[in-house]
Amino acid sequence: MKSRITTDFHSHILPGADHGSDSVETSLEQLSIISSHGIKRVVATPHFYPMSDSVESFLERRAECAHNLHAAMREGDPEVLLGAEVLICNGIERMEGLRRLTVLGTNCILLEMPMTTWSDTTYETVRAIADMGLDVVMAHIDRYDPRSIEQLMTLDVSAQLNPDPFFSRRGKKFAARWLEEGKVVAVGSDLHMANERAYRDFVGACSSLDGYAEYVQNSMDSLLDGAHILKSK
Ligand SMILES: [Fe+2]
């Protein structure tokens, strides 16, 4: 079945914003790969690490990187939206400007759970952010311990999947569970550098969504409604 996914919700494609792209040339190569696979819209989600960055300096850097990319974008490139992949640290809900890390022009924020063991405070932090009225999407839930995800998904949050789970029997079972429950509202390549093979995996994973593709695409459209868009001039 042909995938109906035309949006990539999670990527590292802004030149110099993080380790995802080291130059405008690399970012343009990434955009070429993305468009060659029929993806029309990509959310740039550079890492935001609260322990070493401030919202203000992150947004300034992102704006500059976005400006540099936008100036070089060509006809046929996908639309680029500006977001962040915000690492959860205890107490981050009290950080000034957290709301400004939503995808620009939307109410949607992409949160990344830490790779360490999660404490009650970790879950409470996510709950507090969801209670702020934001549309919280948890990045690549396939990366973590399924029992911890079970607990996380009891909160008022949704989930994004990376391609990885679609390439193992265990991963497929995990993905099917959260797709069936309607918790998966987004898919993303998590593209770093011009990795064509990784992008093929993403598109292959999108094809495996079968009957869920429409729901996931519609969910992404709805979350990204009103987003600020960078287009080729
Ligand atoms: Fe990422």
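Shown above is the structure to which this text applies.
Please read all numbers here as calculations on a predicted model, not as lab measurements.

What counts and what doesn't
- Residues numbered from 1 in each chain as written.
- Predicted model: local features only at pLDDT ≥ 70, side-chain atom pairs only at ≥ 80, totals over all residues.
- Heavy atoms only, no water.
- Helix = DSSP H or I, 4+ residues; strand = E, 2+ residues; numbered from the N terminus.
- Rg over C-alpha atoms; globule rule 2.2 N^0.38 Å.
- Buried < 20%, exposed > 50% of the residue type's maximum accessible area, 1.4 Å probe, protein only.
- Pairing = 2+ DSSP bridges.
- Phe/Tyr/Trp six-rings, centres within 6.5 Å; stacked < 30°, edge-to-face > 60°.
- Lys NZ or Arg CZ within 6 Å of the ring centre and 35° of its normal.
- Salt bridge = Lys/Arg side-chain N within 4 Å of Asp/Glu carboxyl O.
- Expected span 1.5 Å × (residues − 1).
- Arc of directions from axis to C-beta.
- Contact = heavy atoms within 4.5 Å.
- Donors = N, O, S within 2.8 Å, 3.2 Å for Na, K, Ca; no water.
- Tetrahedral: all angles 85-135°; square planar, octahedral: opposite > 155°, others 65-115°.

## A closer look at the overall build of the protein chain
For step 1, the next point in the chain: If you tally the helices and strands in the protein chain, you get 7 helices and 11 strands.
For step 2, the next point in the chain: In terms of overall size, the protein chain behaves like a compact globule, its C-alpha atoms giving a radius of gyration of 17 Å where 233 residues would be expected to give roughly 17 Å.
For step 3, the next point in the chain: Considered along the principal axes of its C-alpha atoms, the protein chain spans approximately 45 × 45 × 30 Å.
For step 4, the next point in the chain: The 233 residues of the protein chain split such that 53% are buried.

## Re the sheet that holds strand 11 (residues 229-230)
For step 1, the next point in the chain: Spatially, 5 strands are ordered 10-1-2-4-11 in an open sheet, and the strand pairing comes out mixed. Unpaired on one side and paired on the other, strand 10 (191-192) and strand 11 mark the two borders of the sheet.
For step 2, the next point in the chain: Sheet topology note: the strand 1 (residues 7-12)/strand 10 ladder contains 2 bridges and is parallel. What sits directly across from Ser11, in strand 10, is Leu191.

## Description of the packing of aromatic side chains
For step 1, the next point in the chain: For the structure on display, the rule yields 4 aromatic pairs.
For step 2, the next point in the chain: Cluster of aromatic residues (ring-pair linked, three or more members): Trp118, Tyr123 and Tyr144.
For step 3, the next point in the chain: In this structure, Arg177 is placed above the aromatic ring of Trp178, and the distance from its NZ or CZ to the ring centre is 4.1 Å.

## Some points on the pattern of salt bridges
Oppositely charged side chains may form a pair once their charged atoms are brought near each other.
For step 1, the next point in the chain: Taken as a whole and assessed by the stated rule, the structure comprises 13 salt bridges.
For step 2, the next point in the chain: We note a salt bridge from Arg4 to Glu214, for which the minimum N-O separation is 3.2 Å. In this pair, Arg4 is assigned in the segment before strand 1 and Glu214 in helix 7 (residues 213-223), connecting sequence segments 210 residues apart.
For step 3, the next point in the chain: Of the residues examined, Arg4 reaches a relative accessible area of 34% and is grouped as partly exposed.
For step 4, the next point in the chain: For Arg100, the salt bridge identified is with Glu56, shortest N-O distance 3.0 Å. Taken together, the residues span a long stretch of sequence, with Arg100 in the loop between strand 5 (85-87) and strand 6 (108-112) and Glu56 in helix 2 (residues 55-72) at a distance of 44 residues.
For step 5, the next point in the chain: On the basis of relative accessibility, which here comes to 44%, the residue Arg100 falls in the partly exposed class.
For step 6, the next point in the chain: A network of salt bridges, in which partner residues are shared, links Glu112, Arg143 and Asp190.

## Comments concerning the pairing of strand 8 (residues 158-161)
For step 1, the next point in the chain: Alignment of strand 7 (residues 135-138) against strand 8, held across 2 bridges, turns out to be parallel. Residue pairing in the sheet places Met138 in a bridge with Ala159 of strand 8.
For step 2, the next point in the chain: Where strand 8 and strand 9 (residues 184-187) come together, 3 bridges link them in parallel fashion. Across the sheet, residue Gln160 finds its bridge partner in strand 9, namely Ala186.

## Some words on helix 2
For step 1, the next point in the chain: Compared with an ideal rise of 1.5 Å per residue, which puts 18 residues at 26 Å, helix 2 spans 26 Å between its outermost C-alpha atoms and is within 8% of the ideal.
For step 2, the next point in the chain: Along helix 2, the residues that are buried comprise Val55, Phe58, Leu59, Arg62, Cys65, Ala66 and Leu69. The buried residues of helix 2 occupy an angular sector of 135 degrees when the element is viewed end-on, so they sit on one face. Exposed side chains of helix 2 directed beyond 90 degrees from the buried face belong to Glu60, Glu64, His67 and Ala71.
For step 3, the next point in the chain: Along its buried surface, helix 2 packs onto helix 1 (24-36), strand 3 (47-48), strand 4 (79-82) and strand 11.

## Some remarks on the sheet that holds strand 7
For step 1, the next point in the chain: If you walk across this open sheet you meet the 6 strands as 3-5-6-7-8-9, and the pairing is parallel. Of all the strands in the sheet, just strand 3 and strand 9 have a single pairing partner and so form its edges.
For step 2, the next point in the chain: Bridging between strand 5 and strand 6 involves 3 bridges; their strand directions are parallel. Bridged to Leu87 within strand 6 is Glu112.

## Focus on the coordination of the iron ion
The reference angle at a metal is 109.5 degrees if four donors form a tetrahedron and 90 or 180 degrees if six donors form an octahedron.
For step 1, the next point in the chain: On the protein side, the iron ion has His10 (NE2), His12 (NE2), Glu85 (OE) and Asp190 (OD) as donor atoms, found 2.1 to 2.2 Å from it.
For step 2, the next point in the chain: Every donor counted, the 4 donor atoms about the iron ion form angles of 83 to 169 degrees at the centre, which fits irregular coordination.
For step 3, the next point in the chain: In primary sequence terms, the donor set of the iron ion follows H-x1-H-x72-E-x104-D. Residue His12 is located in strand 1, and its partner Asp190 is located in the loop between strand 9 and strand 10; the two are separated by 178 residues in the primary sequence. Residue His12 shares its accessibility class with Asp190, and that shared class is buried.

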